Amino acid sequence: MRRLRQVTKIVREQGAKQLGVRLLTAATRRLGAEGEEMPVRLDDVRKADVEVRKPVVVPPIPEDGRLVVNWVTTPPSKGSGGHTTMFRLIRHLESLGHECRLYLYDTFGNTVADLEPGIRAAFPFFKGSIHDVTNGMADAHAVFATAWITAYPAFNDPCAGKRFYLVQDYEPWFYPSGGLYALAENTYRMGMHGFTAGRFLADKVRDEHGMPADHFDFGCDADRYRLGEEERDGIVFYARRKAPRRAFELGVLALEVFAEKHPDLKIHVYGEKIGDLGPQFLDHGLVTPDDLNAIYNRCFAGLSLSMTNVSLVPHEMLAAGCVPVVNDAHFNRVVLDNDHVRYAAPTPHSLARALSEVVTSPDFGAVARAAASSVEGRSWDAAGHELEKVLRRELST
């Protein structure tokens, strides 16, 4: 039944021709031919003349100061770091009495009825309504794009509301130089106001694309991730085979080099199931935050790689006294800004060497306590406060 609804929705919104394109693409994939479905609707791209500036219409703010905010997002899923951060910001706004609405941008024909139960289960604190952005948005004070593909419908929709852009990564880097790179890059030229995860992204979109932007610092969920008393028995790797920016192949090679030098230590892997890599490896797959905290507390060091913006993982590791080993890059150093992070050149041997230096540290208990104390007080409330401050400032001008 759900599949039938998907097909019906695609035909209604994008026409039978687009359905035929999808079927042909699926067929070529089965035959082994190369090809990738467009992650954004072509009609949305065609409608968006990014060089044309539309007048900004903001409805009057009521005397009680409560704002209405539309969030255009891909369907949120449990375990998604980007969606988790978005909902942390929404939760803060809702706690202050502001109304937040979710507008889903889905290119696979799913309906809100299909998706809403999973969203409510994964983010049960969310109070707002959930809609399909293709049906149009109601007027709001602010409208947020939350990923490059959602910037197109946010830009095109005629509803009132100043446009903002939650930028959590430099998404053109997700693709080789080509059409998708350009389409992602063009969204920073739409005249929206950026609110970025860390200072690096704000500087980049401002300096390279002329996009006004503020940033928020990464928080840490201290209620979930904290120093325990478990006996540490190895290291941990955040593995995301399906996200090229997480450099899965490089990480596995580094772990293999490390394993040869430390055959007595366990290697915990989580994020995705990766299969049997040897007797030292414990493949946890997708885990709950509580289970993840227990894993961190069993590990001396954690390998967290990012070839674009840094992930949420290093701060979580630090809170549990697990020392992050991160590929050395300007964006990682700027955003993390923490003396307890170990940086290494992105080569298997350099990363393995950094891991070895951590696990052989004398008095690791003191190292773990210092790492955990370095992120004390880093809550997500600060990011929420910063967001409301930016909204108040921008909507009053």
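What you are looking at is a predicted structure, and each value in this text was computed from that prediction instead of being measured. Within each chain, residue numbers correspond to sequence positions counted from 1 in written order. Given that the model is predicted, a residue must reach a pLDDT of at least 70 before its local features are reported, and side-chain atom pairs must reach 80 or more before they are shown or counted; all residues, however, enter totals for whole chains, interfaces and linings. Side-chain calculation: all heavy atoms of the structure are included, whereas hydrogens and water are not.

> Would you explain the nonpolar core in this entry?
If you look at soluble globular proteins, the nonpolar side chains tend to sit buried side by side. By nonpolar core is meant a set of buried Ala, Val, Leu, Ile, Met, Phe, Trp, Tyr and Cys residues that side-chain atoms within 4.5 Å join together. Think of it in three bands: with a 1.4 Å probe and only protein chains considered, a residue is buried below 20% of the maximum accessible area for its type, exposed above 50%, and partly exposed in between. Membership of the largest hydrophobic core comes to 93 residues, with the highest contact counts inside it found for Trp 71, Leu 102, Phe 144, Trp 148, Tyr 165, Tyr 296 and Leu 391. Contacts of Leu 391, omitting those with residues within four sequence positions, involve Leu 67, Leu 93, Ala 142, Phe 144 and Phe 164. Between two residues, a contact is recorded if the distance between any of their heavy atoms is within 4.5 Å.

> Can you help me understand the environment of Thr 187 in this one?
Residue position: Thr 187 is located in the loop between α6 (179-186) and β6 (193-197). Residue Thr 187 is classed as buried on the basis of its relative accessible area of 0%. Note: C-alpha distance between Thr 187 and Ala 140 (47 residues apart in sequence) is 21 Å. If near-sequence neighbours (up to four positions away) are discounted, Thr 187 is found in contact with Trp 148, Ala 151, Tyr 152 and Tyr 165. Whenever a nitrogen or oxygen atom comes within 3.5 Å of another N or O atom, the pair is scored as a polar contact, on the condition that within protein one atom can donate a hydrogen and the other can accept it, and that pairs from neighbouring residues in sequence are kept only if both atoms are in side chains. Of note is the side chain of Thr 187, whose polar atom sits 2.6 Å from the backbone oxygen of Ala 184. A run of H or I in DSSP counts as a helix once it spans at least four residues, and a run of E counts as a strand once it spans at least two, with each numbered from the N terminus.

> What am I meant to see in the domain arrangement of the protein chain here?
Frequently, the measure chosen for interface size is the accessible area that the parts lose on association. What the domain assignment reports for the protein chain is domain 1 (42-219 + 381-396) and domain 2 (234-374). Boundary definitions for the domains trace back to an automatic or database domain assignment. Computed from C-alpha atoms alone, the centre-to-centre distance between domain 1 and domain 2 is 31 Å. Every contact between the two is made by 14 residues of domain 1 and, on the other side, 12 residues of domain 2. Throughout, buried area stands for the accessible area (probe radius 1.4 Å) lost by two parts on being put together, summed over both. Around 1200 Å² of area is buried between domain 1 and domain 2 when both sides are counted, 68% of it from carbon and sulfur atoms. Throughout this description, the term salt bridge denotes a Lys or Arg side-chain nitrogen within 4 Å of a carboxyl oxygen of Asp or Glu. Our count for the contact surface shared by domain 1 and domain 2 stands at 1 salt bridge. Close ionic contact of Arg 245 with Asp 169 constitutes a salt bridge, the shortest N to O distance being 3.5 Å. At the surface where domain 1 touches domain 2, the tally comes to 4 residue pairs in polar contact (both at pLDDT 80 or more). Looking at the side of domain 1 that touches domain 2, the elements that each hand over two or more residues are α3 (81-95) and α7 (199-209). Charged means Asp, Glu, Lys or Arg here, nonpolar means Ala, Val, Leu, Ile, Met, Phe, Trp, Tyr, Cys or Pro, and polar covers whatever is left, Gly included. Considering only residue class, the side of domain 1 that touches domain 2 consists of 6 nonpolar, 5 polar and 3 charged.

> Before we go on, may I ask you to explain the packing of aromatic side chains in this structure?
By convention here, two paired aromatic rings are described through the distance between centres and the angle between planes. Stacked, tilted and edge-to-face are the three classes applied to pairs of Phe, Tyr and Trp rings, where Trp contributes its six-membered ring and a pair requires centres within 6.5 Å; stacked means planes under 30 degrees apart, edge-to-face means over 60, and tilted covers the rest. One pass over the full model with this rule turns up 22 aromatic pairs. Between Trp 173 and Phe 331 the ring centres are 6.1 Å apart and the planes differ by 50°, which places this aromatic pair in the tilted class. On the criterion of sequence distance, the pair formed by Trp 173 in the loop between β5 (162-167) and α6 and Phe 331 in helix α11 (residues 330-336) is long-range, its members being 158 residues apart. Classification of Trp 173 as partly exposed rests on a relative accessible area of 31%. Put simply, the rings of Tyr 165, Tyr 170, Trp 173, Tyr 188, Phe 200 and Phe 331 pair up and form one aromatic cluster. Above the face of the Phe 155 ring, Lys 54 is positioned so that its terminal group lies 4.4 Å from the ring centre. Over the face of the ring belonging to Tyr 343 we find Arg 333, whose NZ or CZ atom lies 4.1 Å from the ring centre. Throughout this description, the term charge over a ring refers to an Arg CZ or Lys NZ atom that lies within 6 Å of the ring centre and within 35 degrees of the ring normal.

> What is the right way to read the confidence of the model for the protein chain from this model?
Should the pLDDT be low somewhere, the predicted coordinates at that spot are not to be read in detail. Averaged over every residue, the pLDDT of the protein chain is 91; the share at 70 or more is 91%. Confidence scores per residue from the predictor, reported as pLDDT, run from 0 to 100. Note on residues 19-35: pLDDT is under 50 here. Beyond four places in sequence and across chains, it has 13 contacts.

> Help me out: how do you make sense of the sheet that holds β5 in this one?
Any two strands are treated as partners once DSSP identifies two or more bridges connecting them. Read from one edge of the open sheet, 7 strands run β3-β2-β1-β4-β5-β6-β7, paired in parallel fashion. Bordering the open sheet on either side are β3 (130-132) and β7 (213-216), each of which pairs with just one other strand. Between one strand axis and the next, the sheet turns by 25° as a mean value, whatever way the strands run. Note: β5 against β6, 4 bridges, orientation parallel. The residue of β6 that forms the bridge with Tyr 165 is Gly 194. Lines fitted to the C-alpha atoms define the axes, with helices restricted to the stretch that makes contact. Angles between their N-to-C directions range from 0 to 180 degrees. With respect to the sheet, α3 is in contact with β1 (68-73), β2 (99-104), β5, β6 and β7, its orientation differing from that of β1 by roughly 170°.

> What's the story with the side chain of Thr 150 in this structure? I'm lost.
Locating Thr 150 in the fold gives a position in helix α5 (residues 148-156). Within polar-contact distance, the side chain of Thr 150 engages the backbone oxygen of Val 72 at 3.5 Å. The contacts of Thr 150, once residues within four sequence positions are left out, are Val 72, Thr 73, Thr 74, Tyr 105 and Ala 145.

> In this structure, what is going on with empty space enclosed by the protein? I would like to understand it.
Empty pockets left among the atoms are what a rolling probe the size of a water molecule brings to light. Every definition here rests on a 1 Å grid over the protein atoms only: cavities are sets of points where a 1.4 Å probe fits but cannot get out, pockets are open sets enclosed by protein on both sides within 12 Å along at least five of seven lines, and lining residues have some atom within 4 Å of a point. Grid points are joined across faces, edges and corners, and a volume is the space filled by probe spheres set on the points. Under the defined criterion, the tally for this structure stands at 2 cavities of 30 Å³ or more. The computed volume of the second largest cavity comes to approximately 30 Å³. Along the walls of the second largest cavity sit Arg 88, Gly 219, Cys 220, Asp 221, Tyr 225, Leu 312, Glu 316 and Trp 380, which together make up its complete lining.

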